[in-house]
Amino acid sequence: MTGHDDLPVAARARRLEERLIAAGLTSDDEMDEFLTRLYTKASPVNGARMVARAWTDPRYRDLLLSDGDAAAKDMGFGDLSYALRIVPNTETTHNVIVCTLCSCYPVSLLGPSPSWYKSLAYRSRAVREPRAVLAEFGLRLPSGTQIVVWDASAENRFLVLPARPPGTDGLAEEELAALVTRDGLIGTAAV
Amino acid sequence: MSYQAGARVRVKAGDPDHHTRVPRYVRGHTGVIVAAIDRWPVPDDSARGIDPPREETCYAVRFSAADLWGRGDHAVTVDLWESYLDRA
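Summarised in this report is the structure supplied together with it. (Residues numbered from 1 in each chain as written. Chains lettered and ligands numbered in written order. Predicted model: local features only at pLDDT ≥ 70, side-chain atom pairs only at ≥ 80, totals over all residues.)

In terms of nonpolar packing, the biggest core is built from 57 residues, with Val 51, Ile 97, Val 98 and Val 149 of chain A together with Leu 80 of chain B touching the most fellow members. When residues of this core are assigned to their parent elements, the largest contribution, 6 residues, is made by helix α3 (residues 44–56) of chain A. Look past the residues within four positions of Val 98 of chain A in its chain and what remains in contact with it is Tyr 122, Arg 123, Ala 126, Val 127, Val 149 and Asp 151 of chain A. (Core = buried A, V, L, I, M, F, W, Y, C linked by C-beta atoms within 7 Å. Buried ≥ 20, exposed ≤ 12 C-beta atoms within 10 Å, placed from the backbone. Helix = DSSP H or I, 4+ residues; strand = E, 2+ residues; numbered from the N terminus. Contact = placed C-beta atoms within 7 Å.)

Here's what the structure looks like:
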């Protein structure tokens, strides 16, 4: 990590920080705590653990689908700062998440969002031609699979619950969690 | 007014001169209510500093790609506040 400190945008961010602190809107401690949470605790491992538990525990699956926030709390992730809604893939339906208006994303469960998620190309094409976009990610869905795109236009943040891959019957929850990728939780990968 | 799952609704076609959460690509289009999600402040009010903002039910509304784009076999689901919608 070199060179970022003297970029104009870094100076602008520092100045903005100073102004916000001077105005009493935040404090150094609050900013530190937020950044620590973002960079050390926010991770797709969290979302993957929720998925693996849902695959192995039907009661947790029910909770996850009916109240995402309660399901996150149940895993020890605390109170989310957003309303979490889970969309489950089935044999015939594949879900994909996008935020066409900006880049809304469940950061604490997926980690900081990838740059392509914020790109104009993904945001405009995901709603228009998701099948082609998914194919570019390497995910070629059977023509009979219904694709449902979820545009995070309000207060919800979405998470895809991928289908449990075949041939994983003998795996423990922890091993299953290791199979789940960030892209699987966005819907740009099968798992 | 409130909408039940399965109700057909049309998104208002207007282009307000203030912040709104109606994506342009669904304006004027007809969709089907999937579910009422929750009640939240209307962002059009919050963004303009209207205090208190209206609080309304927000619905997940499903549109067919063929309707939105003239082609495609997928569906797009968008969360829309009640005052963005009219019964179709």
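What follows is about the interface of chain A and chain B. Counting residues at the interface gives 18 residues for chain A and 15 residues for chain B. Looking at the side of chain A that touches chain B, the elements with two or more residues in it are α8 (120–128), α9 (130–136) and β3 (146–151) of chain A. A total of 6 residues in the side of chain A that touches chain B trace back to one element, the largest contributor, which is β3 of chain A. Of the residues assigned to the side of chain A that touches chain B, the class counts are 9 nonpolar, 4 polar and 5 charged. Where β3 of chain A and strand β4 (residues 75–81) of chain B come together, 4 bridges link them in parallel fashion. Paired with Val 148 of chain A across the two strands is Ala 75 of chain B, which belongs to β4 of chain B. (Nonpolar A, V, L, I, M, F, W, Y, C, P; charged D, E, K, R; others polar. Pairing = 2+ DSSP bridges.)

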